[in-house]
Amino acid sequence: MRVVLLGTAAGGGFPQWNCWCPTCRTARTDPGRAHPRLQSTAAVSADGERWFLLNASPDIRQQVSCLPGIAPQAFRHVPIEGVVVTDAELDHTVGILLLREAGRLQLWCTAAVRSILEHDSRILPVTGAVAELAVTQMEIGQPVELRYRDGSTSGLLVEPVEVPAGPPRFASGAGRGHTVGLLIGDRETGGSCAFLPGCGDLTPALLRRLADSDLVLFDGTFWSDEELVSLGIGRRTGREMDHLPVSGEGGSLSRLAGLARPKKVYTHINNTNPMLLEDSLERATVERAGLEVGADGMTFMV
């Protein structure tokens, strides 16, 4: 299974259009020290040509153009076989609307996410008005097979797992499964990847599931819990926003460092996070612990 990070920044991208915090300022004035990043999205493929998106960001048009594959001979070509979403946040689902030219689009989501996309953001009915939208409902803890648009099997399985987090602020309800992580497995090779771009805590049960994966793509939104508050650009802590900080007591870095098997990579990194700076102490701290700071275009084979 091939896994590509198409975007590794949190909502707004990096540098964020309206932000001049220290990291965004560096990205504009010295981009060699802080590489630009698109908004968080990944893609998986069993054959390197047909891809399933993990979330669909507002940057999806640019991201799809970066997917590996053979140049098509036809006038129309859709390399995206479908989209699997972790939640109904706009940063993770607006791209569904932008893929409407595919004509037929497959979507995998939980019942709670489907309800929010139908009744609150209205992304599903708007997309469905201009394209055929085939929605497969996922159940927590139940693997489901990802099939190609022609109905044939891809050999990839995806299982949604609950993660500690709250629903989108615009959601009218908060049913079970409004925010999940995704465990993707390759039936042929046995390889596995965990994708958790938004996670408020690492419970013992969740850590056990991650320990069995070959690759973990984990929430790297904030370096410290007080990051936005200390910069004077926010009032809530990282944990209050349902993002476990990287550093500090109980942070994700110390807890993920203890997992021996998987390759561990941070994604969904907020523009204020100092580990985005290539030469920062925070970046060095992550790497000394055996983890990586994700970058757009990173590709993994699992």
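Above this text sits the structure in question.
Before going into details, it helps to say that this report is about the structure given with it. From a predicted model like this one, the values you see are computed outputs, not experimental measurements. (Residues numbered from 1 in each chain as written. Predicted model: local features only at pLDDT ≥ 70, side-chain atom pairs only at ≥ 80, totals over all residues. Heavy atoms only, no water.)

**Looking at unusual backbone geometry**
If a residue is not glycine, its phi is most likely negative; likewise, a peptide bond is most likely trans.
Part 1 of the argument: Here the residue pair Phe14 and Pro15 is connected by a cis peptide bond, since its omega of -5° sits within 30 degrees of zero.
Part 2 of the argument: Despite not being glycine, Asn55 shows a phi value in the positive range, around 70°.
Part 3 of the argument: Of note, the phi angle at Arg122 is positive, near 65°, even though the residue is not glycine.
Part 4 of the argument: By the secondary structure assignment, Arg122 is in the loop between α4 (111–119) and α5 (123–128). (Helix = DSSP H or I, 4+ residues; strand = E, 2+ residues; numbered from the N terminus.)

**Comments concerning helix α3 (residues 90–98)**
Part 1 of the argument: The set of residues buried in α3 consists of His92, Thr93, Gly95 and Ile96. Buried residues of α3, viewed axially, fall in a sector of 135°; they line one side.
Part 2 of the argument: Check the buried side of α3 and you find it contacts α2 (60–64), β5 (104–110), α4 and α5. (Buried < 20%, exposed > 50% of the residue type's maximum accessible area, 1.4 Å probe, protein only. Arc of directions from axis to C-beta. Contact = heavy atoms within 4.5 Å.)

**Focus: the state of the cysteines**
Defined simply, a disulfide is a covalent bond joining two cysteines at their sulfur atoms.
Part 1 of the argument: Counting across every chain of the model gives zero disulfides.
Part 2 of the argument: Distance from the sulfur of Cys21, which forms no disulfide, to the nearest cysteine sulfur (Cys19) is 3.5 Å.
Part 3 of the argument: By relative accessible area, Cys21 is classed as buried at 8%.
Part 4 of the argument: Of all cysteine sulfurs, the one in Cys199 lies closest to Cys193, which takes part in no disulfide; the gap is 14 Å.
Part 5 of the argument: Cys193 sits in the buried class, given a relative accessible area of 1%. (Disulfide = S-S within 2.5 Å.)

**Things to note about the sheet that holds strand β13 (residues 292–293)**
Part 1 of the argument: In spatial order, the strands read β7-β8-β9-β10-β11-β12-β13; together these seven strands make up an open sheet with mixed pairing. Looking along the sheet, the strands with just one partner apiece sit at the ends: β7 (144–147) and β13.
Part 2 of the argument: The sheet contact formed by β7 and strand β8 (residues 153–162) spans four bridges and is antiparallel. When the bridges of β8 are listed, Glu145 appears paired with Leu157. (Pairing = 2+ DSSP bridges.)

**Quick notes on the nonpolar core**
Part 1 of the argument: By size, the foremost hydrophobic cluster in this structure holds 33 residues, and its most contacted members are Leu202, Leu210, Phe218, Leu256, Tyr266, Met275 and Val286.
Part 2 of the argument: For this core, the elements supplying multiple residues, two or more each, are α1 (22–29), β10 (192–196), α6 (204–211), β11 (215–219) and α8 (252–256).
Part 3 of the argument: For this core, the element with the highest residue contribution is α6, accounting for three residues.
Part 4 of the argument: Beyond its immediate stretch of four places on either side in the chain, Leu202 contacts Leu207, Leu210, Phe218, Leu244, Ser252, Arg255 and Leu256.
Part 5 of the argument: Ranked by size, the runner-up nonpolar core spans 25 residues in total, among them Met1, Ala42, Val158 and Phe300. (Core = buried A, V, L, I, M, F, W, Y, C linked by side-chain atoms within 4.5 Å.)

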